[in-house]
Amino acid sequence: MESTSSISLILAFIGVGLLIGLPGIGSAIGTAIGGMSTIGALKKRKDAFGSFLVLSALPGTQGLYGFGGYYIMQNVLTEDITIFQGAGVLGAGIALGVTGLLSGIYQGRVCANGINSIGSGNNVFAQTLIMAVFPELYAIVAFAGVFLISGLL
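Bear in mind the structure is a predicted one, so any value in this text is a computation, not a measurement. (Residues numbered from 1 in each chain as written. Predicted model: local features only at pLDDT ≥ 70, side-chain atom pairs only at ≥ 80, totals over all residues. Heavy atoms only, no water.)

Concerning helix 5 (residues 125-152)
Now for step 1: The first and last C-alpha atoms of helix 5 sit 41 Å apart over 28 residues, in line with the 40 Å expected at 1.5 Å per residue.
Now for step 2: Roughly 35 degrees is the biggest bend found in helix 5, and it falls at Pro135.
Now for step 3: Structurally, helix 5 contributes buried residues whose contacts are with helix 1 (3-42), helix 2 (49-57), helix 3 (61-73) and helix 4 (83-119). (Helix = DSSP H or I, 4+ residues; strand = E, 2+ residues; numbered from the N terminus. Expected span 1.5 Å × (residues − 1). Bend = angle between axes of the 7 residues up to and from the residue. Contact = heavy atoms within 4.5 Å.)

Observations regarding the side chain of Ser37
Now for step 1: Within the fold, Ser37 resides in helix 1.
Now for step 2: If near-sequence neighbours (up to four positions away) are discounted, Ser37 is found in contact with Ala112, Ile115 and Asn116.

Describing the packing of aromatic side chains
Now for step 1: Throughout the structure, instances matching the rule amount to two aromatic pairs.
Now for step 2: Aromatic pair Tyr65 and Phe143: ring centres 5.8 Å apart, planes at 35 degrees, arrangement tilted. Placement of the pair is Tyr65 in helix 3 and Phe143 in helix 5, with a sequence separation of 78 residues.
Now for step 3: Residue class for Phe143 comes out partly exposed when judged on its relative accessible area of 24%. (Phe/Tyr/Trp six-rings, centres within 6.5 Å; stacked < 30°, edge-to-face > 60°. Buried < 20%, exposed > 50% of the residue type's maximum accessible area, 1.4 Å probe, protein only.)

Things to note about the side chain of Ser56
Now for step 1: Tracing the chain through its elements places Ser56 in helix 2.
Now for step 2: A distance of 2.8 Å separates polar atoms of two side chains, one belonging to Ser56 and the other to Thr38.
Now for step 3: The contact partners of Ser56, leaving out residues within four places of it in the chain, are Thr31, Gly34, Gly35, Thr38 and Ile115. (Polar contact = N/O pair within 3.5 Å; in protein donor to acceptor, adjacent residues only side chain to side chain.)

Written out as structure tokens, the structure is:
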């Protein structure tokens, strides 16, 4: 393997690490934020556990988008990779990685507020679900960007 393809493969593997790792971290933090709110809200409303569970789990999707992004990019990860392809995978990893990280955390915060409100007796499950879709939308857009970038490689 020549030096250029080694550098290209290194760039691509850094991109894959970001692609999988950062959205996974965002999902872990987001679901933990929702879970912590659920524990507090269950003290007041044990009957609403189903709603709390759905809202706590929602930020977990960003990690799935990261894994899906890897699945899309895996065919490029060969010893024949070009510098252009390596940079493309790195760019895709940065785009989806950072977006997935931040959208997972902020979606968890939106869901936690809804969980707290439901725990206080307010009927806001559907409204919380709708509001939680907004941060999710940007993770979906970044995932679509990875798909589009892969078409150029």
